[in-house]
Amino acid sequence: MTPDDSRIDALALRRARAKLGWFSHAAVYVVVNIGLVALSLADGRHWAVFPLLGWGVGLLFHGLAVWVFQPGGGLMTRMVERERAQLNRAATHGDRW
């Protein structure tokens, strides 16, 4: 196994664990909030919207961290590629970074 293979395996494991963590978070969010909505409806007041929204924002940011901003994720990969291209252009033109 080459050093590059080891790094790829480590990154793949890290990303898989992060995604599994988000799926677990989302499952707990759904189960708990179904119970809270049921209690809220039985109570006759609609207070369950507050934990739904607050926790939902946290779940959203968790998802962004896992799928968008994580190393190897979509946005991060595009940004790294853009920076790499700029540095390569600067190097070929003799510019200093």
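J.: Lay out the packing of helix 1 (residues 3–43) against helix 2 (residues 49–67) in plain terms, naming residues and giving numbers.
T.: Closest axis-to-axis distance for the helix 1/helix 2 pair is 10 Å, and the angle between their directions is 170°. As judged from the angle between their axes, helix 1 and helix 2 are roughly antiparallel. Its residues assigned to classes, the contact of helix 1 with helix 2 shows 15 nonpolar, seven polar and one charged.

J.: Lay out the packing of aromatic side chains in plain terms, naming residues and giving numbers.
T.: Two aromatic rings, taken as a pair, are described by how far apart their centres are and by the angle between their planes. Applying the stated criterion across every chain yields a total of four aromatic pairs. Here the aromatic rings of tryptophan 22 and tryptophan 67 are separated by 5.0 Å at their centres, their planes lie at 80°, and the arrangement is edge-to-face. Of this pair, tryptophan 22 sits in helix 1 while tryptophan 67 sits in helix 2, placing them 45 residues apart in sequence. Overall, tryptophan 22 belongs to the buried group, its relative accessible area being 18%. For tryptophan 67, a relative accessible area of 32% translates into the label partly exposed. Consider the rings of tyrosine 29 and tryptophan 55, whose centres lie 5.4 Å apart with planes at 90°: the pair is edge-to-face. A residue pair is termed long-range when its members are at least 10 positions apart, and tyrosine 29 in helix 1 and tryptophan 55 in helix 2 qualify at 26 residues. According to the relative accessible area criterion, tryptophan 55 is partly exposed, its value standing at 27%. These aromatic residues form a ring-pair network of at least three members: Trp22, Phe23 and Trp67.

J.: Please set out the side chain of asparagine 33 residue by residue, giving values where relevant.
T.: Looking at where asparagine 33 falls in the secondary structure, it is placed in helix 1. When near neighbours in sequence (up to four residues on either side) are disregarded, asparagine 33 contacts Pro51, Leu52 and Trp55.

J.: Tell me what's going on with the pattern of salt bridges, and back it up with residues and numbers.
T.: Taken as a whole and assessed by the stated rule, the structure comprises one salt bridge. Of the charged contacts, one joins aspartate 43 and arginine 45 as a salt bridge, the two residues approaching to 2.8 Å between their closest N and O atoms. A residue is classified by how much of its surface remains accessible, and aspartate 43, at 38% relative accessible area, is partly exposed.

J.: Explain helix 2 to me, and be specific about the residues and the numbers.
T.: Taking 1.5 Å as the rise per residue, helix 2 with 19 residues should run 27 Å; its terminal C-alpha atoms sit 26 Å apart, in good agreement. Three or more residues of helix 2 are buried, namely Leu59, Gly63 and Val66. Seen end-on, helix 2 carries its buried residues on one side only, within an arc spanning 60°. Exposed residues pointing more than 90 degrees away from the buried face of helix 2 are listed as Phe50, Leu53, Leu60 and Phe61.

J.: Could you give an account of the nonpolar core, naming the residues involved and the relevant values?
T.: In globular proteins that are soluble, nonpolar side chains generally tend to be buried together. Core analysis: the biggest nonpolar cluster contains six residues, these being Ala18, Trp22, Ala26, Tyr29, Leu59 and Val66. Taken together, the elements giving at least two residues each to this core come down to helix 1 and helix 2. For this core, the leading source of residues is helix 1, giving four residues. With residues up to four places along the chain from it excluded, the contact list for leucine 59 reads Trp22, His25, Ala26 and Tyr29.

How each quantity is defined
Residues numbered from 1 in each chain as written. Predicted model: local features only at pLDDT ≥ 70, side-chain atom pairs only at ≥ 80, totals over all residues. Heavy atoms only, no water. Axes fitted to C-alpha atoms, helices over the stretch in contact; angles between N-to-C directions. Helix = DSSP H or I, 4+ residues; strand = E, 2+ residues; numbered from the N terminus. Parallel < 35°, antiparallel > 145°, perpendicular 65-115°, else oblique. Nonpolar A, V, L, I, M, F, W, Y, C, P; charged D, E, K, R; others polar. Phe/Tyr/Trp six-rings, centres within 6.5 Å; stacked < 30°, edge-to-face > 60°. Buried < 20%, exposed > 50% of the residue type's maximum accessible area, 1.4 Å probe, protein only. Contact = heavy atoms within 4.5 Å. Salt bridge = Lys/Arg side-chain N within 4 Å of Asp/Glu carboxyl O. Expected span 1.5 Å × (residues − 1). Arc of directions from axis to C-beta. Core = buried A, V, L, I, M, F, W, Y, C linked by side-chain atoms within 4.5 Å.

Geometric values such as these leave the question of function open.
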